[in-house]
Amino acid sequence: MPKIVDHDERRREVLSAAGRVIVRDGIDAATTRAIAKEAGYSNGVLAHYFTDKDEILLSALRQSHQRIRARLTGKVTDAGGPGGSALAALRELLLDNLPLDDERARETRLEVSFWSRSLASERLAGVQRGEAGELRAAVRDLLGRARAAGELRNSAAPDSPAAHDPHTDELDDHAEHLLALMDGLSLHLLLYPERLTRADAERVMLRALDRL
């Protein structure tokens, strides 16, 4: 009787192996040979499921994003549901995107590994921009809901550019600030753990939200 192969599971195993190689050894070390060895398969198996190395890398990044999105959906829904608030949901979204535990640290290392490579690859950059756009839209939507519910202070000073520019919405500025803070804190946690602890990063983010 021929062996029954679960192709979806095998594909997931290859992508998980690719993620482990990238996180452990760096994206330049994630060759098809290294990924195949990590997964316990031959190069021929990888060629059966993926056309080239870039497709493996892109698929590994998308798999990580799908896992994060599924986790976030539950947290945000619970926080913003009956009895909750948009700001509480925003808090969960931003904190979940910080590497405050080992699982999220691995996810962040994987994400950051793609940044420099994306600068030289429009294909990778396109995926990054699409995913970043979804995250920004979620942050902006929660800020809008928080403002509609009266959860935000009137933060635009009368003499500020935002108060006089009809094309400027202060919530767009808030969204960019929070996302830049999230990326900066994530990178600093990975690069300077002796200077910035996970508790420090969480406190800084929560203070930024409190100022809203």
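Keep in mind that this is a model prediction, so the values were computed, not measured.

> Any chance you could explain the nonpolar core here in plain terms?
The nonpolar side chains of a soluble globular protein tend to be buried with one another. Membership of the largest hydrophobic core comes to 33 residues, with the highest contact counts inside it found for Leu90, Leu93, Leu94, Val139, Leu143, Leu178 and Met205. Looking at this core, the elements that each hand over two or more residues are helix H4 (53-80), helix H5 (86-96), helix H7 (122-148), helix H9 (170-191) and helix H10 (198-210). Considering each element in turn, this core owes the most residues, eight residues, to H9. Counting 22 residues, the second-largest nonpolar core is a separate cluster that includes Ala30, Val45, Leu46 and Tyr49.

> How should I be thinking about the pattern of salt bridges in this particular structure?
Where charged atoms from two side chains of opposite charge come close, those side chains can pair. Under the counting rule described, the total for this entry stands at 24 salt bridges. Between Asp96 and Arg71 there is a salt bridge, with its nearest N and O atoms 2.9 Å apart. Taken together, the residues span a long stretch of sequence, with Asp96 in helix H5 and Arg71 in helix H4 at a distance of 25 residues. Bridged by salt links that share partners, the residues Arg67, Arg71, Lys75, Asp96, Glu103 and Glu107 form one connected network.

> How do you make sense of the packing of H5 against H10 when you look at a structure like this?
Angle between the axes and distance between the axes are the two parameters that describe a pair of packed helices. H10 packs onto H5 with a crossing angle of 150 degrees between their chain directions and a minimal axis gap of 11 Å. Judged on the interaxial angle alone, H10 and H5 are roughly antiparallel. The way H5 lies across H10 gives a crossing that is right-handed. Every residue of H10 that contacts H5 at Leu90, Arg91, Leu94 and Leu95 is listed here: Glu202, Met205, Leu206 and Leu209. A breakdown of the residues in the contact of H5 with H10 according to their chemical character gives six nonpolar, no polar and two charged.

> Could you clarify how one ought to interpret the environment of Thr73 in this entry?
Turning to its location among the elements, Thr73 is positioned in helix H4. Within the structure, Thr73 has its side chain in polar contact with the backbone oxygen of Arg69 (distance 2.8 Å).

> What am I meant to see in the packing of helix H6 (residues 102-119) against H7 here?
Orientation of H6 relative to H7, taken along the N-to-C sense of each, is 130 degrees, at an axis distance of 8 Å. It follows from the interaxial angle that H6 and H7 lie oblique. Note on packing geometry: the crossing formed by H6 with H7 is left-handed. Residues Glu111, Phe114, Trp115, Arg117 and Ser118 of H6 lie in contact with H7, whose contacting residues are Leu124, Ala125 and Gln128.

Rules and cut-offs
Residues numbered from 1 in each chain as written. Predicted model: local features only at pLDDT ≥ 70, side-chain atom pairs only at ≥ 80, totals over all residues. Heavy atoms only, no water. Core = buried A, V, L, I, M, F, W, Y, C linked by side-chain atoms within 4.5 Å. Buried < 20%, exposed > 50% of the residue type's maximum accessible area, 1.4 Å probe, protein only. Helix = DSSP H or I, 4+ residues; strand = E, 2+ residues; numbered from the N terminus. Salt bridge = Lys/Arg side-chain N within 4 Å of Asp/Glu carboxyl O. Axes fitted to C-alpha atoms, helices over the stretch in contact; angles between N-to-C directions. Parallel < 35°, antiparallel > 145°, perpendicular 65-115°, else oblique. Left-handed = near helix turned anticlockwise from the far one by under 90°. Contact = heavy atoms within 4.5 Å. Nonpolar A, V, L, I, M, F, W, Y, C, P; charged D, E, K, R; others polar. Polar contact = N/O pair within 3.5 Å; in protein donor to acceptor, adjacent residues only side chain to side chain.

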